[in-house]
Amino acid sequence: MNIPAPSPTIKKYLPWVVASALFMEQLDSTIVNTAVPSMALSLHVTPLSLKAVVASYILSLAVCIPVSGWMADRFGTRRVFSLAIAVFTFSSMLCGLAVNVPMLVGARIIQGISAAMMMPVGRLTIIRTFPKAELLMAMNFVIIPALIGPLLGPTVGGLIVHWLSWRDIFFVNLPIGLVAQFLIYRHMPNYYGDEPRRLDITGLILFSAGTALISWLLEIFGEHYITPAAIFILLLTGIALLVAYGWHARKISYPLLRLSLFNVRTFRISVIGGFITRIGMGGMPFLLPLLYQIGLGLPAWQSGMLMMPAALAAMGMKIISAHVLRRFGYRQVLVANTVMIGITLCLFSQVVPGTPIAMIILLGLTQGFFNSLQFSSMNSMAYADNDTKDSSMASTMASSLQQMSMSFGLAAGSLITAWYLGNQPQSDHAAVVSALHHAFLTLGALTMLSSLTFWALRPRDGESVSRANLQEMTEKEH
């Protein structure tokens, strides 16, 4: 693999380069979630039906991420990263100019396709630049500035929606995209793969079609009339496409996603356990603004303010997560922390119009604290036992399944809420609040059950990342 020794300057500024892209992506995502009720009013649709605006973005991410590793190896990390940010910035402008839901969804799909190149290629560049002893700290450093996006997104989005128009929330990305391009030009290394390999077109079609079909079924289920027989047939078709991809991937030398990486225990548990956990957590960014604005009757800017504590707590946890993992190990942290996340989700069912704001803030802080530790643990453990030559494929597979789980989680959260709402109109605020409360309980229970997947870890799993990282920190302190 053509990986020159990174200079101190590259190692100093590269995390900022990747963080600027993640900042833009996270800011865009959180702004949209906060603006959903205002967008629904402007476009004359119901709030829950606008999950297509969010889900289309996440789904296009999941479908297109598998190509990102091949593109980075073939064309270079810097070139792919720069093009992705340029397209993302342009599609943000298209979102702001959309005049109806189909146009907005189309622009969001383009955003998702470009974001599919940003996140995994940026993560891949970090993995190839930093040794495992420095990897956890480097990834946490990238995430801390990126968390400013969720911190500012709900507030800035709420203020923009309150004083201007929801369309203006997408134009925030334009100056950020220009700054990111400057940083890429100055400080982004250009890594290539060790040898050219053909793109697995057949695998791309099978995997993307299966993923898209299953996600689409979750998206339209409960909103459009479709017979149970049709649902069953389409679901079987989607599953069959994914199974066909699994069979195909074992028959060729360079598959789109190399399933043999699942033979690495830490990678397998991190990805599969994270997939299940994120399904429970994935609907919260969409459902919480609905609870605050529809259930509590708060304006968009106040709803955004209530999303800030989670981002603040997440930033704080990133600073100490390396010490927590070193002290307790990945197994204990992931098992206990997953249960705590599930309990936190359940506690949101107790938020009613009379709930003190201080209690809601405390709940948000708790949620951000545990979520941040969970993501740091799952993301870093995935690369603990993989060889450097597998970094591109591991990053692609982890990113792809992560986004797929978020897409499924968003659809599941909205679907569960709609199921509890039943035939009652969404204009009935009491019924909406009750449905949201039941959805939080269901998602929390699912998350707690997902902790069982992490019991398969061994006590010393992941030490190549956590303990080596702390040892280096100790040496620097002395």
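What counts, and where the lines are drawn
- The written sequence of each chain sets the order in which its residues are numbered from 1.
- Restriction of local features to residues with pLDDT of at least 70 applies here, the model being predicted, together with a cutoff of 80 or more for giving and counting side-chain atom pairs; totals for whole chains, interfaces and linings are based on all residues.
- As a rule here, side-chain values come from all non-hydrogen atoms in the structure, and water together with hydrogens is ignored.
- A run of H or I in DSSP counts as a helix once it spans at least four residues, and a run of E counts as a strand once it spans at least two, with each numbered from the N terminus.
- Only protein chains enter the calculation, and the probe is 1.4 Å; a residue is then buried if its accessible area is under 20% of its type maximum, exposed if over 50%, and partly exposed in between.
- Residues count as neighbours in contact if any of their non-hydrogen atoms are within 4.5 Å of one another.
- Surface accessibility in these figures is a Shrake-Rupley result with a 1.4 Å probe; residues are shielded only by whichever protein chains are displayed.
- Site definitions follow a grid-based scheme: protein atoms alone, a 1 Å grid, a 1.4 Å probe that fits but cannot get out for cavities, and for pockets an open set with protein on both sides within 12 Å along at least five of seven lines, plus lining residues having an atom within 4 Å of a point.
- Grid points are joined across faces, edges and corners, and a volume is the space filled by probe spheres set on the points.
- In this count, Pro and Cys sit with the nonpolar residues alongside Ala, Val, Leu, Ile, Met, Phe, Trp and Tyr, while Asp, Glu, Lys and Arg are called charged and the others, Gly among them, polar.
- Two distance rules govern patches: like charges are joined within 9 Å, and nonpolar side chains (Val, Leu, Ile, Met, Phe, Trp, Tyr) within 5 Å, applied only to residues with over 30% relative accessible area and no salt bridge.
- Put simply, a salt bridge is a Lys or Arg side-chain nitrogen that is within 4 Å of an Asp or Glu carboxyl oxygen.

**Digging into the overall build of the chain**
Of regular secondary structure, the chain possesses 16 helices and zero strands. In the chain, buried positions account for 58% of the 478 residues. Put simply, of all contacts in the chain between residues at least 6 apart along the chain, 87% involve residues at least 24 apart. Taken as a whole, the chain presents about 19,700 Å² of accessible surface, with 69% of it coming from carbon and sulfur.

**Structural notes on the layout of surface pockets**
Taken as a whole, the largest pocket holds about 380 Å³ of empty space. Residue lining of the largest pocket: 15 residues in total, with Phe207, Leu259, Phe262, Leu401 and Met404 positioned closest to the centre. Elements represented by at least two residues in the lining of the largest pocket include exactly α9 (228–249), α10 (265–281) and α14 (391–421). With four residues, α14 is the single largest residue contributor to the lining of the largest pocket. Class assignment for the residues of the lining of the largest pocket results in 13 nonpolar, one polar and one charged.

**Overview of a nonpolar patch on the surface**
On the surface, a nonpolar cluster with roughly 510 Å² of combined accessible area is contributed by Leu312, Ile357, Met359, Ile361, Leu362 and Leu365. The element best represented in the nonpolar patch is helix α13 (residues 357–381), accounting for five residues. Along the chain, the position of Leu362 falls in helix α13.

**What to know about the environment of Gly210**
Looking at the secondary structure, you find Gly210 in helix α8 (residues 201–220). Once residues lying within four places of it in the same chain are set aside, the contact partners of Gly210 are Gly238, Leu241 and Leu242.

**A word on the side chain of Arg108**
With respect to the helices and strands, Arg108 occurs in helix α4 (residues 101–129). A relative accessible area of 1% means that Arg108 is categorised as buried. Look past the residues within four positions of Arg108 in its chain and what remains in contact with it is Asp28, Val32, Val53, Val54, Ser56, Tyr57, Ser60, Cys95 and Phe170.

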